[in-house]
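Chain by chain, the residues run as shown.
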Amino acid sequence: MASSTAGSSICMKFASCSLEHAQASGRTSRLRSVSLPTNKTFQSLRSSTGPHRLQVCCAAKPETVGKVCEIVKKQLALPDDSEVTGESKFAALGADSLDTVEIVMGLEEEFGISVEEESAQSILTVQDAADLIEKLIEKKATN
């Protein structure tokens, strides 16, 4: 589980998300995020400005992360036994800016999406790429 703070919200990422009552019935929830108001229970999360809330976000599906890992390995010509995980940073794997552009192009082709240049520049890790892919796929499905 990773967490980061931004403004007055906290985002916690998990490998998968599901609701207990959905699990009991054998179904997995499509829950993407939950926002809770901060109050006395969440006193440590309070900030002096803006709305106060706790936000829990779900990370990309493991199969999406796996596909991204394979594409990254292929684009960077890494050996099959190279360890690439969701936490792997492109720069640590030896990718320069041109490699990153090629990785994004490979992801666009594989997943049938279009990544804006602004979004592409924010991708630093395999997990970042997988999260963005699922967000774009979900957005594409609702349009």
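Preceding block: the structure.
Described below are features of the structure shown in this document. Remember, predicted model here, so these are calculated numbers, not experimental data.

## Topic: the pattern of salt bridges
Here is step 1: Using the criterion set out here, one finds one salt bridge in the structure.
Here is step 2: Across the salt bridge formed by Lys67 and Glu110, the nearest N and O atoms sit 3.9 Å from each other. Here Glu110 lies in helix α3 (residues 97–111) and Lys67 lies in helix α2 (residues 62–75), a separation of 43 residues in the sequence.
Here is step 3: Its relative accessible area of 42% is what places Lys67 among the partly exposed residues.
Here is step 4: Of the residues examined, Glu110 reaches a relative accessible area of 44% and is grouped as partly exposed.

## Remarks on the nonpolar core
Here is step 1: In this structure, Val68, Val72, Phe90, Leu107, Phe111, Val115 and Val126 are the most contacted members of the largest nonpolar core, which totals 25 residues.
Here is step 2: When residues of this core are traced back to their parent elements, those giving at least two are α2, α3 and α5 (126–142).
Here is step 3: With six residues, α5 is the single largest residue contributor to this core.

## Brief notes about the packing of α2 against α5
A pair of packed helices is characterised by two quantities: the angle between their axes and the separation of those axes.
Here is step 1: Relative to each other, α2 and α5 sit at 125°, their axes nearing to 9 Å. As summarised for this structure, α2 and α5 are arranged oblique, according to the angle between their axes. Regarding α2 and α5, the two cross each other, and that crossing is right-handed. Two secondary-structure elements touch here, α2 through Thr64, Val65, Val68, Cys69 and Val72 and α5 through Val126, Gln127, Ala129, Ala130, Ile133 and Glu134.
Here is step 2: Its residues placed into classes, the contact of α2 with α5 shows eight nonpolar, two polar and one charged.

## Details of α5
At 3.6 residues per turn, the α-helix brings residues three or four places apart onto the same side.
Here is step 1: For α5, with 17 residues, the first-to-last C-alpha span of 25 Å sits near the 24 Å given by 1.5 Å per residue.
Here is step 2: Residues of α5 that are buried: Val126, Gln127, Ala129, Ala130, Asp131, Leu132, Ile133, Glu134 and Leu136.

## Looking at α2
Here is step 1: Between its first and last C-alpha atoms α2 spans 20 Å; for 14 residues at 1.5 Å apiece the expected length is 20 Å, and the two agree.
Here is step 2: Among the structural elements, α3 and α5 are those in contact with the buried residues of α2.
Here is step 3: Two residues or fewer after α2 comes Ala77, characterised by a positive phi angle close to 50°.

About the cut-offs
Residues numbered from 1 in each chain as written. Predicted model: local features only at pLDDT ≥ 70, side-chain atom pairs only at ≥ 80, totals over all residues. Heavy atoms only, no water. Salt bridge = Lys/Arg side-chain N within 4 Å of Asp/Glu carboxyl O. Helix = DSSP H or I, 4+ residues; strand = E, 2+ residues; numbered from the N terminus. Buried < 20%, exposed > 50% of the residue type's maximum accessible area, 1.4 Å probe, protein only. Core = buried A, V, L, I, M, F, W, Y, C linked by side-chain atoms within 4.5 Å. Axes fitted to C-alpha atoms, helices over the stretch in contact; angles between N-to-C directions. Parallel < 35°, antiparallel > 145°, perpendicular 65-115°, else oblique. Left-handed = near helix turned anticlockwise from the far one by under 90°. Contact = heavy atoms within 4.5 Å. Nonpolar A, V, L, I, M, F, W, Y, C, P; charged D, E, K, R; others polar. Expected span 1.5 Å × (residues − 1).

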